[in-house]
Amino acid sequence: ENEKRKYIKGRKLGEGTYANVYLGQLRTDPAVLVAIKKMKVQREQDGIAYDAVRELKFLQELHHPNIVELLSVFNSKDQNLNLVLEYLPLGDLESLIRDTDRVRYGAADIKAWMGMLTRAVWFCHDNFVLHRDIKPNNLLIAADGEVKLADFGLARSFADPGVNMTHMVITRWYRPPELLFGCRSYSGAVDVWSVGLVFAELIIRTPFLPGNSEVDQINRICQAIGTPTEDNWPGVSSLRSYAVPAEVYPVPDKKAWMDRFGGVGAEGVDLLCKTLVLDPNKRITAREMLEHRWWRTDPKPTRKEDLPRSK
Ligand code: ADP
């Protein structure tokens, strides 16, 4: 096919659950680098084809500096779907967070990364798209330091009428309590929870709630953020997988949050707390996040060119 002929496929860059990713060059201008994401097995029965088609549909519609750009799509001989994406050479936020030996960063850097993430999520929600798998490993870094939200394999428009959305989405550590309790009609609040956990992880440089099972995930949420009850979350006890808790942990006060996350200042901690509210109806929205005072208090966010990098 013509689109395929446009690119020269190079070395393998990485492997994900649904795809192998290769470096590519534009045949007419080999200085232009791309990432070719070759989706694994394309048999319709296993539903992977649908995932891929979904990913396409959303990526093609969304153009934003903080969202990975889809440049082209083609089928290879073996009927695999190939996505040509902008090449993002500087790894992802997860490797940066983990590289504590070599990478130093502070409040101004966290503010810059959080700003880019929040704008990407606001833009998705403004276009009726939920990302549904926000985590540090899905935040890729461009050559100029811009952070871009990637991997729309799980994204789906919440404007889709009457679809029964499965609760088995979002990597466990970043999954909000409403999904863990089997809520089926969820909203942008699911992404905001994940954004809050990325924020917390940027500050403490280790996953905040690394549950090793769904039950353990719920327990960790209860202990760190408070046990969901009818008092703090009206209606929670009628969710499908809700279990009456053995112990009711209180929602921690500001001081407890400051002790752990105070590195981003009182305003930063205020924003963090608002993203990690148990009741999704009371959780801050991405738009409201952008209006928060934290962005305008000192320190100013680091310019993207000056952000720390891992290579
Ligand atoms: P999956 O959706 O199947 O999980 P990923 O999107 O996570 O696949 O891609 C797997 C790996 O490929 C990533 O961890 C990353 O190393 C690399 N990769 C993905 N997209 C790009 C890109 N646009 N530029 C550079 N490397 C990429």
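None of these values were measured; they are calculated from a predicted model.

Here is what the cut-offs are and how they apply
- Residues numbered from 1 in each chain as written.
- Predicted model: local features only at pLDDT ≥ 70, side-chain atom pairs only at ≥ 80, totals over all residues.
- Near = placed C-beta within 6 Å.
- Helix = DSSP H or I, 4+ residues; strand = E, 2+ residues; numbered from the N terminus.
- Nonpolar A, V, L, I, M, F, W, Y, C, P; charged D, E, K, R; others polar.
- UniProt positions renumbered as here; feature names shortened; annotations may be inferred.
- Core = buried A, V, L, I, M, F, W, Y, C linked by C-beta atoms within 7 Å.
- Buried ≥ 20, exposed ≤ 12 C-beta atoms within 10 Å, placed from the backbone.
- Contact = placed C-beta atoms within 7 Å.
- Axes fitted to C-alpha atoms, helices over the stretch in contact; angles between N-to-C directions.
- Parallel < 35°, antiparallel > 145°, perpendicular 65-115°, else oblique.
- pLDDT = per-residue confidence, 0-100.
- Pairing = 2+ DSSP bridges.

A. Just the site of the ligand, in detail. Within the structure, the ligand sits among 18 residues, and Gly-14, Gly-16, Tyr-18, Val-21 and Ala-35 are positioned closest to it. Breaking the shell around the ligand down by element, the ones donating at least two residues are strand S1 (7–15), strand S2 (19–26) and strand S3 (29–39). Broken down by element, the residue count for the shell around the ligand peaks at three residues, all from S1. Here the shell around the ligand is built from residues that sort into eleven nonpolar, four polar and three charged.

B. Local environment of the environment of Pro-299. Secondary-structure assignment places Pro-299 in the segment after helix H10 (286–290). In this structure the C-alpha to C-alpha distance between Pro-299 and Lys-274, which are 25 residues apart in sequence, comes to 20 Å.

C. Structural view of the environment of Tyr-186. Mapped onto the elements of the fold, Tyr-186 is located in the loop between helix H5 (177–180) and helix H6 (189–204). Along the chain, Tyr-186 and Asn-281 lie 95 residues apart, while their C-alpha atoms are 9.9 Å from each other.

D. Broad picture of the UniProt feature "active site" (unreviewed entry) in the protein chain. The residues that UniProt annotates with the feature "active site" (unreviewed entry) are Asp-133. Looking at the element boundaries, Asp-133 is found in the loop between strand S6 (129–130) and strand S7 (139–141).

E. Just the nonpolar core, in detail. In terms of nonpolar packing, the biggest core is built from 75 residues, with Val-34, Leu-85, Trp-113, Leu-117, Val-121 and Phe-199 touching the most fellow members. If one sorts the elements of this core by residue count, H6 sits on top with eleven residues. Ignoring anything within four residues of it in the chain, the contact list for Phe-199 reads Met-114, Leu-272 and Thr-275.

F. Region of the structure containing the packing of helix H4 (residues 107–126) against H6. Where H4 meets H6, the closest approach of the two axes is 11 Å, and the angle between their N-to-C directions is 170°. Comparing their axes, H6 and H4 come out roughly antiparallel. For the pair H4 and H6, contact is made by Ile-110, Trp-113, Met-114, Leu-117, Thr-118 and Val-121 and by Asp-191, Val-195, Val-198, Phe-199, Leu-202 and Ile-203, respectively. Partitioning the contact of H4 with H6 into residue classes produces ten nonpolar, one polar and one charged.

G. Up close: the confidence of the model for the protein chain. Per-residue pLDDT for the protein chain has a mean of 89; in total, 88% of the residues score no lower than 70. Within the model, pLDDT remains below 50 along residues 157–165, and this stretch shows nine contacts once partners closer than five positions in the same chain are excluded. Our summary of model confidence lists the complex with pTM equal to 0.91 and ipTM equal to 0.94.

H. Representation of the pairing of strand S4 (residues 70–75) in the model. As defined by bridge partners, S4 adjoins strand S5 (residues 81–86) across five bridges and the pair is classed as antiparallel. Looking at S5, one finds that Leu-70 is bridged to Leu-85.

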